[in-house]
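One-letter residues, chain by chain:
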Amino acid sequence: MKTVHDDTGKRYLLLKRSERASLVRDPQNGNECYIQNDRLEAVDESALETAARTVSEPVRTLLTNVHDEATLGLLVELEDRGPLGIRTLLDAYDFCESDLHGRLTVLSAAGLLETVEVGGERGYRTTDTCATALERISMGDGCESTTTETHSSKTADNS
């Protein structure tokens, strides 16, 4: 499978090419259609990269830079409690100094964290990109528990 774009710049995944037209799929919605070959041009991007672009940029950034649950948890904690100073991070969580520094450096370079001053010392907080990504990936968790709690409260009130 190859990535192509039409004369408007819209990207598609090329499924089948015939003499006059090609069958393409829109990676955003999965719709398939035929487009005249003279309207299509190859793109120097793999089909998998094109498919990955259907995920929002903040979530892609999070997914490609967070490689374990501890790092994800660090971001969640900074979003919930932050900003936090470096000493607080070292005291509160199970990271050695070099491991924490490495994670903070990677996350900062990715645009998920930014350095701030907290109580006169260096600290970190999540960026808007990180906050958006965390919100999008955790939306189902919050809705389910809220629905259950609301339902339980109504049931208790009706008793």
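Here, every reference points to the structure presented above.
Undergrad: Explanation requested: the overall build of the protein in the structure shown.
TA: Of regular secondary structure, the protein possesses 6 helices and 8 strands. In sequence order, the protein lays out its α and β elements as β-β-β-β-β-α-α-α-β-α-α-β-β-α. Buried residues in the protein amount to 31% of all 159 residues. Expressed as a percentage of contacts within the protein between residues at least 6 apart in sequence, the contacts between residues at least 24 apart total 44%. Counting every atom, the protein has about 10300 Å² of accessible surface; 47% of that belongs to carbon and sulfur.

Undergrad: Just to check I follow, could you spell out the nonpolar core for this structure?
TA: The tendency in soluble globular proteins is for nonpolar side chains to be buried as a group. Residues Leu 74, Leu 75, Leu 89 and Leu 104 are the most contacted members of the largest nonpolar core, which totals 20 residues. What Leu 74 contacts, discounting residues up to four positions off in sequence, is Leu 89, Phe 95, Leu 100, Leu 104 and Leu 107. Counting residues in hydrophobic clusters, the runner-up holds 6 residues, among them Val 4, Tyr 12, Leu 14 and Val 24.

Undergrad: Would you explain the sheet that holds strand S5 (residues 41–46) in this entry?
TA: Pairing between the strands of a sheet is mediated by backbone hydrogen bonds and can be parallel or antiparallel. Taken in spatial order, the 5 strands line up as S4-S3-S2-S1-S5 in an open sheet, and their pairing is antiparallel. In this open sheet, the two strands that pair with only one neighbour each are strand S4 (32–36) and S5. The sheet shows a mean angle of 50 degrees between the axes of neighbouring strands, taken without regard to direction. For strand S1 (residues 2–5) and strand S2 (residues 11–17), the ladder comprises 4 bridges, and the chain directions are antiparallel. If you follow His 5 over to S2, its bridge partner there is Arg 11.

Undergrad: Explanation requested: the sheet that holds strand S6 (residues 84–85) in the structure shown.
TA: Sheet architecture is open: 3 strands sit in the order S6-S8-S7, paired in antiparallel fashion. Only two strands of the sheet have a single neighbouring strand rather than two, namely S6 and strand S7 (113–118). As paired strands, S7 and strand S8 (residues 121–126) are joined by 6 bridges and run antiparallel to one another. Within S8, the residue paired with Val 118 across the bridge is Glu 121. On the sheet, helix H3 (residues 69–81) packs against S6, S7 and S8 and is oriented at approximately 100 degrees with respect to S8.

The rules behind these values
- Residues numbered from 1 in each chain as written.
- Predicted model: local features only at pLDDT ≥ 70, side-chain atom pairs only at ≥ 80, totals over all residues.
- Heavy atoms only, no water.
- Helix = DSSP H or I, 4+ residues; strand = E, 2+ residues; numbered from the N terminus.
- Buried < 20%, exposed > 50% of the residue type's maximum accessible area, 1.4 Å probe, protein only.
- Contact = heavy atoms within 4.5 Å.
- Areas by Shrake-Rupley, 256 points an atom, 1.4 Å probe, with all protein chains shown as cover.
- Core = buried A, V, L, I, M, F, W, Y, C linked by side-chain atoms within 4.5 Å.
- Pairing = 2+ DSSP bridges.
- Axes fitted to C-alpha atoms, helices over the stretch in contact; angles between N-to-C directions.

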